[in-house]
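Single-letter residue listing:
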Amino acid sequence: MSSLDSHAGSAPQHGGGHHGSYLTSKGSLWADIVNWATTVDHKKIGLMYLTAILILFFMGGVMALVVRIELLEPTRVMVNAAGETVTTGQRLSFLASDTAAGYNIYNRAMTLHGAIMVFMFIVPGIPASLGNFFLPLMIGAKDVAFPRLNLASWYVYVFGSLFALASALVGGIDTGWTLYTPYSTITDADHWRLVSMITGVFIMGFASIMTGLNFVVTTHKLRAPGMGWFDMPLFVWAIYATAIIQVLATPVIGITTLMLIFERLFNFGLFDPRMGGDPVLFQHFFWFYSHPVVYIMILPAFGVISETITCHARKNVFGYKSVAFASLGIAAVSFLVWAHHMFTSQGELTAAIFSFLTFFVAVPTAVKVFNWISTLYKGSIVFNTPMLYTLGFLFLFTIGGLTGLPLATLSTDMHLHDSYYVVAHFHYVMFGGTVIALLAGLHHWWPKMFGKMYAETPAKLGFWLVFLGFNTTFFIQFVMGAHGMPRRYASYPDEYQWMHVISTVGSWMLLAGFLTHLFTFIHSLLQGKPCGPNPWGGMTLEWEADSPPDEHNFAHEPIVRHGPYAYDTEIPPHWTEDEYPLPDEPSQH
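So, a few notes on the structure that sits alongside this text. (Residues numbered from 1 in each chain as written. Predicted model: local features only at pLDDT ≥ 70, side-chain atom pairs only at ≥ 80, totals over all residues. Heavy atoms only, no water.)

Here's the deal with the overall build of the protein chain
Then step 1. Scanning the protein chain from terminus to terminus reveals 18 helices and two strands.
Then step 2. The C-alpha atoms of the protein chain give 25 Å as radius of gyration, which agrees with the globular expectation for 589 residues (25 Å, within 12%).
Then step 3. With respect to the three principal axes, the spread of C-alpha positions in the protein chain is 90 × 55 × 50 Å.
Then step 4. In the protein chain, which comprises 589 residues, the share counted as buried stands at 57%.
Then step 5. For the protein chain, the accessible surface area stands at approximately 23,800 Å², while carbon and sulfur atoms represent 68% of it.
Then step 6. Computed over 26 positive and 35 negative side-chain charges, the separation of the two mean positions in the protein chain equals 3 Å. (Helix = DSSP H or I, 4+ residues; strand = E, 2+ residues; numbered from the N terminus. Rg over C-alpha atoms; globule rule 2.2 N^0.38 Å. Buried < 20%, exposed > 50% of the residue type's maximum accessible area, 1.4 Å probe, protein only. Areas by Shrake-Rupley, 256 points an atom, 1.4 Å probe, with all protein chains shown as cover. Lys, Arg positive; Asp, Glu negative; His and termini not counted. Charge placed at Lys NZ, Arg CZ, Asp CG, Glu CD.)

Structure below.
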């Protein structure tokens, strides 16, 4: 199908030729600050997004550790021999005046963890960072279709995040990240912090829409000559399907949060039953956006895995078109399953219909998993860090998907609803899926982004700490939930303590894993060995570009002559026949 024609005859891009790395300094610190603050280069904007979401990931992670430390021991209130009421086991008591205040701090830490991780980290995570950086490179474009809109989206995202985080500076909110009514309409009625959080979510929605619109137009209009729809890398397909959801679903949460603000400030009576409103209406609006947004989080992860599994197994992806269409199928079905979050608050027939639709959405997802596993069959697998994270993704996401089936089944959902089982399932999908894929993508594309390799041994150590720490933290929560431990509670009966201790120790292992990766990447930036343009032997267009890429991506406009995963018929860019001997042609006899 294709290869890059970067030699004479192809037209130079917008002035053409080499312009130097996009990381080249402009001469002084102030000039560099101005250059990055006003840049319209998709690579720099992708890196700025990556930096912002990783900072917010750290903040959300700290809140998770606070929650886990509080749950290390149940809170016990008792009367001692002197007749005094004594509280033990409450780890956050040093921040609180009494037991109730300690519970309140726990609720606010839990809410902040959820709000940061969902709205500020996972939703923009892969699309805005890796998507911004690599989508134009992978389709042979110089930039996205609307570069200034791209920069504006980053500022809107940062502004919205600061608006939301401002609520934390004045004590935070305790509604949970779902902002369910009527609690969110009546709690903290005399304070602005809840309105600040809701307004932040409203503002960040515009950034998501702008990014999605940019990616849709870029994919339609800026593909390199010779690149048809079925010559696109599967990461591009995944980002394209995600962008469609971003454009269509995000306005719903925007309207919903605006209605919630009006309800709080002007008592419109939309959700508050005391004024004739319906609190369940909020849940319908919220989940009509928030279930498709699950796929905004996970579809880009699918795209990352499609790239890493083919590159590090040196194998054409099994069933390219079925994987591509599965992305679009998931995007379409994602709009039809919102009410499966509300089985306990709706009629039997409605619940049965949404139960069926929930099982249906598993079909395109299963297609992808089967195709990835088939791709590994007879592949030349390299067990480096990106591949370890890829295999970890397949294991963890499969557990996350299969444990969703009891929640889609009406009879078992009645028992498991609002228990720790849901917490475990959610984290196996979101963390075991999206975060693990983000780490796979970061290790896969790190040499391309910065032109330097990282040390494999500490990177692999970081993987094992993250993998084992994650399973230690969350697998035991399936057991807790099945035994009836409700989620979101600051304390619990003594019988659950040993399971909470295991879970908390796992969170410390996770922290050690992320710190290991942080130091590995810092070491790479400071002392990493320079790498060539294609250290892994990838076949997609970004590996044609320099490492780090030229300011204008390619010296000449690429012309695509083969498919993105032609590992059996083509030599990877910048490799020789000795480095990559092709298999013999099959005999004609």
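Let's pick the thread back up.
Describing the pairing of strand S1 (residues 76-79)
Then step 1. Of the strand pairs in this sheet, S1 and strand S2 (residues 85-88) are connected by four bridges, and their pairing is antiparallel. Each residue of the ladder has a partner; that of Met-78, found in S2, is Val-86.
Then step 2. The antiparallel hairpin formed by S1 and S2 contains five residues in its connecting segment, where Gly-83 sits at a positive phi of about 85 degrees. (Pairing = 2+ DSSP bridges.)

Quick word on the packing of helix H17 (residues 456-482) against helix H18 (residues 497-527)
Then step 1. Closest axis-to-axis distance for the H17/H18 pair is 7 Å, and the angle between their directions is 160 degrees. In terms of orientation, H17 and H18 fall into the roughly antiparallel class. By crossing handedness, the relation of H17 to H18 is classed as left-handed.
Then step 2. Split by residue class, the contact of H17 with H18 holds 19 nonpolar, 13 polar and no charged. (Axes fitted to C-alpha atoms, helices over the stretch in contact; angles between N-to-C directions. Parallel < 35°, antiparallel > 145°, perpendicular 65-115°, else oblique. Left-handed = near helix turned anticlockwise from the far one by under 90°. Nonpolar A, V, L, I, M, F, W, Y, C, P; charged D, E, K, R; others polar.)

Structural notes on the environment of Leu-349
Then step 1. Its place among the elements puts Leu-349 in helix H12 (residues 348-376).
Then step 2. The class of Leu-349 is exposed, set by a relative accessible area of 64%.
Then step 3. Linking Leu-349 and Tyr-580, residues 231 residues apart in sequence, is a C-alpha distance of 59 Å.

Notes on the packing of aromatic side chains
Then step 1. For the structure shown, the criterion picks out 52 aromatic pairs.
Then step 2. On the basis of an interplanar angle of 45 degrees and a centroid distance of 5.4 Å, the ring pair of Tyr-49 and Tyr-157 is categorised as tilted. Of this pair, Tyr-49 sits in helix H2 (residues 42-70) while Tyr-157 sits in helix H5 (residues 147-169), and the two are 108 residues apart along the sequence. Comparing Tyr-49 with Tyr-157 shows no difference in burial state: the two are buried.
Then step 3. Aromatic pair Phe-282 and Phe-286: ring centres 5.8 Å apart, planes at 20 degrees, arrangement stacked. Taken together, the residues span about one helical turn, with Phe-282 and Phe-286 both in helix H9 (residues 279-290) at a distance of four residues.
Then step 4. In this structure an aromatic cluster arises from ring pairing among Phe-57, Phe-121, Tyr-421, Tyr-428, Phe-431, Phe-470, Phe-474, Phe-475, Phe-478 and Phe-514.
Then step 5. Geometry around Trp-36 places Lys-44 over its ring, the cationic atom sitting 5.3 Å from the centre.
Then step 6. One cation-aromatic arrangement involves Arg-223 over Trp-229; the distance from NZ or CZ to the ring centre is 4.6 Å. (Phe/Tyr/Trp six-rings, centres within 6.5 Å; stacked < 30°, edge-to-face > 60°. Lys NZ or Arg CZ within 6 Å of the ring centre and 35° of its normal.)

Structural notes on empty space enclosed by the protein
Then step 1. Following the criterion strictly, the structure yields three cavities of 30 Å³ or more and no others.
Then step 2. A volume near 180 Å³ is recorded for the largest cavity.
Then step 3. Lining the largest cavity are 17 residues; nearest its centre among them are Phe-119, Val-123, Pro-124, Met-204 and Ser-208.
Then step 4. At the level of secondary structure, the elements contributing two or more residues to the lining of the largest cavity comprise helix H4 (125-138), helix H7 (193-221) and helix H8 (234-266).
Then step 5. The leading source of residues in the lining of the largest cavity is H7, at six residues.
Then step 6. Class assignment of the residues belonging to the lining of the largest cavity gives a composition of twelve nonpolar, five polar and no charged. (1 Å grid on protein atoms, 1.4 Å probe; cavity = no way out; pocket = protein on both sides within 12 Å on 5 of 7 lines; lining within 4 Å. Points joined across faces, edges and corners; volume = space filled by probe spheres on them.)

A closer look at the nonpolar core
Then step 1. In this structure, Met-120, Leu-130, Phe-134, Tyr-157, Phe-235, Phe-393 and Met-449 are the most contacted members of the largest nonpolar core, which totals 153 residues.
Then step 2. Tallying contributions element by element places helix H16 (residues 420-450) first for this core, with 18 residues.
Then step 3. Apart from residues lying up to four places away in sequence, Met-120 is in contact with Ile-53, Leu-56, Ala-115, Tyr-157, Ser-161, Ala-164, Leu-165 and Met-204.
Then step 4. Formed by 15 residues, the second largest nonpolar core is a distinct cluster that contains Val-67, Ala-109, Met-110 and Ile-476. (Core = buried A, V, L, I, M, F, W, Y, C linked by side-chain atoms within 4.5 Å. Contact = heavy atoms within 4.5 Å.)

So, the pattern of salt bridges
Between side chains of opposite charge, a pair can form when the charged atoms approach closely.
Then step 1. Taken as a whole and assessed by the stated rule, the structure comprises nine salt bridges.
Then step 2. Where Arg-91 meets Glu-73, a salt bridge forms, and the shortest distance between an N and an O atom there is 2.9 Å. With Arg-91 in the loop between S2 and helix H3 (99-122) and Glu-73 in the loop between H2 and S1, this residue pair connects regions lying 18 residues apart in the sequence.
Then step 3. For Arg-91, a relative accessible area of 37% gives the class partly exposed.
Then step 4. Several salt bridges share partner residues, and in doing so they unite Glu-73, Arg-76, Arg-91 and Asp-494 into one network. (Salt bridge = Lys/Arg side-chain N within 4 Å of Asp/Glu carboxyl O.)

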